[in-house]
Amino acid sequence: MQQAKRLEEFKKSVTNRFNIYNSLFLSLPYTDMENVGMLVPLLFEQCEEGLTAGMTPQDILENFFANLANIDNEQERIDFMFRIIQYVERQVVLFDSVEDAAFPKLQEYTSSLSIKDYFELVDQHKNWDKIAKKLSTFSARIVLTAHPTQFYTPAVLDIIAELRALIDENRIDDIDLTLQQLGLTSLINAKKPTPLDEAKNIIHILRHTYYHAIGELFEYVKSNIRDANFDNYDIIKLGFWPGGDRDGNPFVTAKMTRKVADELRLTLMKCYYNDLKVLRKKLTFKGLQEPLNDLNIKLYKAMFQENFLLSYDEIVEKLSEIRQILIEQYHSLYLDDLNKLLNRVHIFKTHFATLDIRQDHSKHYLVVETILKKQGAIKDNLNELSEKELVSWLLKKELSLNPNDFDEDIVSDTIVNIFQLKEIQDRNGEGGCNRYIISNSEDIFSVLFVFGLFRWCGWKAEEITFDIIPLFETMKGMEASEAVMQTLFDTPMYRKHLERRGDTHTIMLGFSDGTKDGGYLKANWSILKTKETLSKVCKKNDIKAIFFDGRGGPPARGGGKTHRFYAAQTKDVANHEIQLTIQGQTITSTYGTKEQFIHNAEQMLTAGLSNNLFGKEHVISGAQRKLIEELSELSFEKYENLKQHEKFIPYLEQRSTLKYYSNANIGSRPGKRGNKKQLTLSDLRAISFVGSWSQLKQNVPGYFGLGTAIQKFKDEGRLNEIKKLYKEVPFFRALMHNSMMSLAKTNFNLTSYMKEDAEFGTFWTILYNEFQLSKKMLLQISGHKILMEDEAVSRESVKIREKIVLPLLVIQQNALYRITQNSEYKQLYEKIVTRSLYGNINASRNSA
């Protein structure tokens, strides 16, 4: 019933409104775009009918240009296609705005558990003491990354916000004007953004959305928790990767890290200054003017002068002084307003978000090797030292490093950065930068190299105020993780470090590279088992385990429904805190407005808390584990065979948009690690990998192998066992739901012309057959008639978005084909492919 009402509201507030505003938008006159808008619906109709009839993208466009657009000249056709792409990009922005504006109304019909619902449940069960105790320590850390799928500039984000507000109020004339503004505003970066540009784009959202959203969420919890002394200001924490994540990004230097840390602090001071400005208009009482003016002057300086530092203690002390006077002399007038600002200062302190440092283990290996060569400990490589000798160098030897002694940029910059981290902590507070993450961790040295480098760069072992976080993201890394952590716990100096860090260890698990490496089901199953194993090893050693999930936007990179994922974790997984990355366009699509942020943050909190307080704890029995294991291995075998196929990499290179990701001015980071001429899967970034399959509308990493695995069980007469597994195990059901979402966003009609391709026809057929089989098998085990059957609103949203971008995708496929034919306009067709990436990424909202 709720789903039907929600769908009805969606059609009224989203579908109908979009159709009205879209017809207005398509009729607007733009420079060099006369009549293009009128032809967009006709092109969509041609694309839809043509693909259904089995026509190639080339034939569809030939038909359209010859019979409807009356354009014969190829150069003019190319110009027209560019204009169509521009229109489609803006249609996507319009649909985003309409959908975001409808979000509060749609939430009235949701079955999702809000904090308010959660408190009502607590009231029924009369267990306030238990919830208050859990909420006093539980938290969710949302870590914002700058992976190259988020590219709207602040100017465009402001237009989207303005459209959202106007649509909400149905101000048609102003919407008309804003649509014209949208039509004339460039949606893409003129040049590749620097890491600082990326940071500023996301800091813009921090300032205008998250600052207020987190403050309001905290105040709601505090006022409803029935605990007057509730002070868990860490209930929602923000992490930040732009400017700190140097894994595969040579443009993130020590200097850049320092700039971003300053930018975060200066922006936060602006937030405090603006709040104080509003407050001063209310607190007009004589006895408050001196402390208010004093704080006002200091905040003004602190938001413009990067070397004028105002500490957290100073701000709190001054606000507390004002608060005391207000209570004692002015009847606590406007005390709630003052408390709101004080709460925000307690939440964000002087850092706004914690700037994480991340680097690949191989880079630290190179740095340590170079340093030890210079020290005369080795001649050529680290293999000359035994494990015991290398550990001794890292934990016992006292070195004094000078970055100027080293020629390699990576070595000198790593040393400079570790030296400066102490100063960043002095300027922003320890919470401003206190986590160091190591990608591709597979042994103890992933952690000990970093610990040793800190020691060698002037940090005393007992003063290292950093959590060193291994990121286990490959199958090999996950298999080794238990032994790695136990060995670290058995290392006395490192164990002492953990004592100083509160006997807590954060461990990161990577979904993106895990899926690329092991396939969808095996990767996710391996991550769950790894979490259970690491929870046990930490508990055995009296260490509190905190898991940090490196999740991308789409299911193939760990995305999908966040609440469903965390609510499905088993009782054997440590549940002290939820930590996850939010990246790419997911930042604006899922957490882009205050209402969306609060809703999705609540989902994380209620998912984590529900596992502790309500219902039966999730247990996967031995028999059920055996079934998932069998399915996992069968699907992995199918996926591994695909990866080993001789056409796997060539297909991506020659028939997808893979190599065009690095040409798009989307992000500062290169599309692949290293600069080898021959592309290998291990060098390929998961974002480019998954994104390329998404642009092809084949979404292979999100389901490939599942159909074959389930079919094997069916052939053996065991399909009911899988149906039962789907029904009884929330973890398995959540994964299957995510795969169904991937399948729902697939459109093999778009590339069906490839089945006749002399080189890739057979390979395309392998992909298509597994898609068909996976869809058939997942519908059978779920008992559904259509994909995403129980998610009607999401299904409708996906359907409209896929319709909007269909002309763009046909244009993209046509361009890819023309490139293979060595057209005289090859360079222009390559530009079309690059340009077409933008609209599709945004329309999908979680494509990469």
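Fair warning: this is a prediction, and the values are worked out from it, not measured in the lab.

Peer 1: Which parts of the structure should I look at to understand the overall build of the protein?
Peer 2: On a plain count of helices and strands, the protein comes out with 33 helices and nine strands. On the principal axes, the C-alpha backbone points of the protein span a range of 80 × 70 × 60 Å. In the protein, buried positions account for 61% of the 848 residues. Pairs at least 24 apart in sequence give 81% of the contacts found in the protein among residues at least 6 apart. Looking at the protein as shown, the accessible area adds up to about 33700 Å², and 47% of this sits on carbon and sulfur atoms. Charged side chains in the protein number 110 positive and 111 negative. The centres of these two groups are separated by 2 Å.

Peer 1: Please clarify how the environment of I175 should be interpreted in this entry.
Peer 2: Among the structural elements, I175 can be located in helix α8 (residues 172-184). When the C-alpha atoms of I175 and N22 are compared, they prove to be 11 Å apart, with 153 residues separating the residues in sequence. When neighbours within four sequence positions are excluded, I175 is seen to be in contact with Y21, L163, L166, I167 and N170.

Peer 1: What exactly am I supposed to notice about helix α11 (residues 289-304) here?
Peer 2: Along an α-helix, a turn takes 3.6 residues, which lines up residues three or four apart on a common side. Along its 16 residues, α11 runs 23 Å from first to last C-alpha, staying within 8% of the 22 Å computed at 1.5 Å per residue. Within the span of α11, buried status applies to P291, L292, L295, N296, L299, A302 and M303. In a view along the axis of α11, the buried residues occupy a sector of 135°, so they form one face of it. What points out from α11, more than 90 degrees from its buried face, is the exposed set E290 and F304.

Peer 1: Explanation requested: the sheet that holds strand β8 (residues 544-550) in the structure shown.
Peer 2: To summarise the sheet geometry, strands pair through backbone hydrogen bonds and adopt either a parallel or an antiparallel arrangement. Within the open sheet, the nine strands sit side by side as β3-β2-β1-β9-β8-β7-β6-β5-β4. Their pairing is parallel. The sheet is open, and its two borders are formed by β3 (354-355) and β4 (357-360), each paired with just one other strand. Both β4 and strand β5 (residues 435-439) contribute to a ladder of four bridges, which runs parallel. Residue pairing for β5: I357 is matched across the bridge by Y436. Across the sheet, helix α14 (residues 361-374) lies against β4 and β5, angled at about 80° from β4, the strand it touches most. Against the sheet, helix α21 (residues 520-540) touches β7 (504-510) and β8, its axis set at about 165° to β7.

Criteria and thresholds
Residues numbered from 1 in each chain as written. Predicted model: local features only at pLDDT ≥ 70, side-chain atom pairs only at ≥ 80, totals over all residues. Heavy atoms only, no water. Helix = DSSP H or I, 4+ residues; strand = E, 2+ residues; numbered from the N terminus. Buried < 20%, exposed > 50% of the residue type's maximum accessible area, 1.4 Å probe, protein only. Contact = heavy atoms within 4.5 Å. Areas by Shrake-Rupley, 256 points an atom, 1.4 Å probe, with all protein chains shown as cover. Lys, Arg positive; Asp, Glu negative; His and termini not counted. Charge placed at Lys NZ, Arg CZ, Asp CG, Glu CD. Expected span 1.5 Å × (residues − 1). Arc of directions from axis to C-beta. Pairing = 2+ DSSP bridges. Axes fitted to C-alpha atoms, helices over the stretch in contact; angles between N-to-C directions.

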